[in-house]
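Take a look at the letters that make up each chain.
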Amino acid sequence: MLTVGLLGKKYEDHLLTSKSLLEGETNICDCFKNRLGGIYNFLRVPVKNVNFKIYDIGKRKAFIINDVSSSKRTSFTFLEEKSSLSLSNVESINKTCDWLHVAYIDDIENYREILNINIPISLDFCTNSPRESFIDIMEKSKIIFDSRERKNLYNNIHLNNSTILHDDKGIEILEKSKKIHSSKIKKLKNLEVNGAGDSYAAFLIEELQYSDIIKASNLAMHKTTLFLKLKK
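Notes on the structure in this doc start here. This structure is a prediction, so every number in the text was calculated from the model and none was measured. (Residues numbered from 1 in each chain as written. Predicted model: local features only at pLDDT ≥ 70, side-chain atom pairs only at ≥ 80, totals over all residues. Heavy atoms only, no water.)

Here we look at the pattern of salt bridges
All told, the structure shown has 17 salt bridges when counted by the stated rule. Across the pair Arg112 and Asp136 runs a salt bridge whose closest N-O atoms are separated by 2.9 Å. Separated by 24 residues along the polypeptide, Arg112 in the loop between strand 5 (99-103) and strand 6 (121-124) and Asp136 in helix 2 (residues 135-140) bring together distant segments of the chain. Classification of Arg112 by relative accessible area gives partly exposed; the value is 46%. Residue class for Asp136 comes out partly exposed when judged on its relative accessible area of 25%. Residues Lys151 and Glu172 are paired through a salt bridge, measuring 2.7 Å at the closest nitrogen-oxygen approach. (Salt bridge = Lys/Arg side-chain N within 4 Å of Asp/Glu carboxyl O. Helix = DSSP H or I, 4+ residues; strand = E, 2+ residues; numbered from the N terminus. Buried < 20%, exposed > 50% of the residue type's maximum accessible area, 1.4 Å probe, protein only.)

Observations regarding a nonpolar patch on the surface
A contiguous nonpolar patch, built from Phe63, Phe76 and Phe78 and spanning about 330 Å² of accessible area, is present on the exposed surface. Mapped onto the elements of the fold, Phe78 is located in strand 4 (residues 72-81). (Patch = residues over 30% accessible without salt bridge, like charges linked within 9 Å, V, L, I, M, F, W, Y side chains within 5 Å. Areas by Shrake-Rupley, 256 points an atom, 1.4 Å probe, with all protein chains shown as cover.)

Describing the state of the cysteines
The final tally for this structure, using the stated rule, is zero disulfides. Not engaged in a disulfide, the cysteine Cys29 finds its nearest cysteine sulfur in Cys31; these two sulfurs lie 6.8 Å apart. Cys29 gets classed as partly exposed once you look at its relative accessible area, which sits at 39%. (Disulfide = S-S within 2.5 Å.)

Let's talk about helix 1 (residues 87-96)
Note that an α-helix has 3.6 residues per turn; residues three or four places apart therefore point the same way. Within the sequence span of helix 1, burial applies to Asn89, Val90 and Ile93. An end-on view of helix 1 places all buried positions within 100° of arc, on one side of the element. Away from its buried face, by an angle of more than 90 degrees, helix 1 presents the exposed residues Leu87 and Lys95. If you follow the buried residues of helix 1, they end up packed against strand 3 (50-67) and strand 5. (Arc of directions from axis to C-beta. Contact = heavy atoms within 4.5 Å.)

Describing unusual backbone geometry
With an omega of 5°, the peptide bond running from Ala103 to Tyr104 counts as cis. Along the chain, Tyr104 turns up in the loop between strand 5 and strand 6. Phi is positive for Asn110, which is not a glycine, with a value near 50°. Within the element layout of this structure, Asn110 appears in the loop between strand 5 and strand 6. In this structure, Ser177 is a non-glycine residue whose phi angle is positive, near 70°. Of note, Ser177 is situated in the loop between strand 9 (170-175) and strand 10 (178-184).

Structural data, given as structure tokens:
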């Protein structure tokens, strides 16, 4: 059993879902719900042989519009409490976890305490902040997850690890700024996609127990798509 620490802010998600969203018009809200998001999204993913351990630091509210017709989401966030990683958190992660996933590194203030973690690390981004600001933690990480829409942010980033860029059409894997693998998938409509990136990361970490990065990335992509379809 792989124990994966999940480090990030506690997101309180307020989700508004519309099956047909028209900008500038009065729309019907088909569903409204409140739930924990961010690292808590991992707990809803049906992975095997993985035990997730939550380390929430800081707090943020998120107001999310799910446009089901186009399988897109738009979010607005509000900071309630800045993050602070304590020495006891670092010691606990090092002693009890086999892997640490950070979501989202660009939403963690004073993140450099994470550099004291001595187990494998993966991390995710949630904004279009310049990636050069995070080069130290990126170099330490085994895997970096990001949206393919932000691929241009990696033009001047040369890393030996794997950067996995994903969107609704597939994935690309970069190493030393060069694409070493890509895989396509058919874009699907009528899906609630909030948390899809977290689901993909969860499935990939699961698959890395049995496969190399290329096979694991492909399997995680298909598992994520099936998971989103089943949520309908």
